[in-house]
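Commentary on secondary and tertiary structure
Spelled out, the chains give:
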Amino acid sequence: MTATVTTPGPRRARFLSKKAVLPWLFLAPGLLLALVFKFLPMGKGVWLSFFDVRPFLGDQWVGLDNYTRVLTDHRFQDAIGHTLVLGIGMSLGGIVAGVLLALLLEGQARSLRIIRTAVFLPVVTATAVVGEMWRLMYYPTSDGLINSGLGLLGLGPVPYLDNPDTALWATMAMGIWMLAPYNMVIILAGLAGVDRSLYEAAAMDGVSLWQRLRHITLPAIRPALGIVLTLAAIRGLRVFTEVYVLTGGGPAGSTDVWMTRAYTLGFSRNDIGGASAASVLLLCVTLLLTVTVNYFRKRGDVR
């Protein structure tokens, strides 16, 4: 006599199918919003970059002419140069300032928590509000906050935002002030994983502060620095609000960056095809830069 064994295959399959579908049901609203307001407009922008967009007259296919015209435009070339200078300066300055803030504010004391919260406020404040605040601080007369301080030293007033030689650097200073607290939080998370016994052993051996930072702290926070560097590279290329609020790309185009130039093409000159081509180029460069930074970061982690 043989016993028959029943397998709950269909019931288990139905259970697994419900379990697999349930997360997607929760994600569906967000995915739908992303599809409608992000991915479909992105695809439409790629499509329009190959056309001479003429509202009410019909779009005319031009192929790669928009890309050629944008890349050969001397003002767009200048904007790319400004973007690189501003992006590199903001990224490196934000990382260095973030590391210093993290080292200074590391600890479990309640007072440090309050200070860290205060330092983090620029990150949660709207960029437009921060830009307007800094624009008032840069006011080019002796009534401005910074120039009034310089007046006490017998200097100034300096027209920070009205001088083509200083406008880009003044914008960079505001960008560093905004990015440093964000980087600080990520680096603080990395510092939390450092083994404190290593510091105690190094102190007993008479190791200097710089050697402790170089051989203990920096290797421990390397993954956090990799994340910060990746995010900083992306933000550096996509800088827009800071420049638009402070200078609008002026004076004389000295602070015109990639995104402000694309904005000008699309909304001031009504060149939708050229603005779309500039945006697609920015997307491609951002993806390439992100992949490159991640590649070298993973190689560093393996080593």
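Residues numbered from 1 in each chain as written. Predicted model: local features only at pLDDT ≥ 70, side-chain atom pairs only at ≥ 80, totals over all residues. Heavy atoms only, no water.

In the nomenclature of an unreviewed UniProt entry, the protein chain is known as Putative ABC transporter permease protein AmyD of Streptomyces afghaniensis 772. Under the Subcellular location (unreviewed entry) heading, UniProt states for the protein chain: "Cell membrane". On record in UniProt, under Sequence similarities (unreviewed entry), the comment for the protein chain is "Belongs to the binding-protein-dependent transport system permease family." (UniProt positions renumbered as here; feature names shortened; annotations may be inferred.)

1. Here's the deal with the overall build of the protein chain
When its secondary structure is counted, the protein chain shows 13 helices and two strands. Rg of the C-alpha trace for the protein chain: 26 Å, well past the compact-globule value of 19 Å for 303 residues, more than 25% over. Buried residues in the protein chain amount to 34% of all 303 residues. Distance between charge centroids for the protein chain: 16 Å, based on 26 positive and 17 negative side chains. (Helix = DSSP H or I, 4+ residues; strand = E, 2+ residues; numbered from the N terminus. Rg over C-alpha atoms; globule rule 2.2 N^0.38 Å. Buried < 20%, exposed > 50% of the residue type's maximum accessible area, 1.4 Å probe, protein only. Lys, Arg positive; Asp, Glu negative; His and termini not counted. Charge placed at Lys NZ, Arg CZ, Asp CG, Glu CD.)

2. As for the pattern of salt bridges
Inspection of every chain in the model, using the stated rule, returns three salt bridges. In this structure, the salt-bridge partner of Asp271 is Arg69, at a minimum N-O distance of 2.6 Å. Of this pair, Asp271 sits in the loop between helix H12 (258-268) and helix H13 (272-302) while Arg69 sits in helix H2 (residues 65-71); the two residues are 202 residues apart in sequence, bridging distant segments of the chain. For Arg69, a relative accessible area of 37% translates into the label partly exposed. Here Arg261 ties to Asp73 by a salt bridge, and the two come within 3.2 Å at their closest N and O atoms. In this pair, Arg261 is assigned in helix H12 and Asp73 in the loop between H2 and helix H3 (74-104), connecting sequence segments 188 residues apart. There is no split in this pair, since Arg261 and Asp73 are both buried. (Salt bridge = Lys/Arg side-chain N within 4 Å of Asp/Glu carboxyl O.)

3. A short note on the UniProt feature "transmembrane region" (unreviewed entry) in the protein chain
UniProt records the feature "transmembrane region" (unreviewed entry) for residues 21-40, 79-105, 117-137, 167-194, 215-234 and 272-296 in the present numbering. Secondary structure over residues 215-234 splits into 95% helix and 0% strand, and the C-alpha atoms at its two ends are 29 Å apart. Overall, residues 272-296 shows 100% helix and 0% strand. The separation of its end C-alpha atoms is 36 Å.

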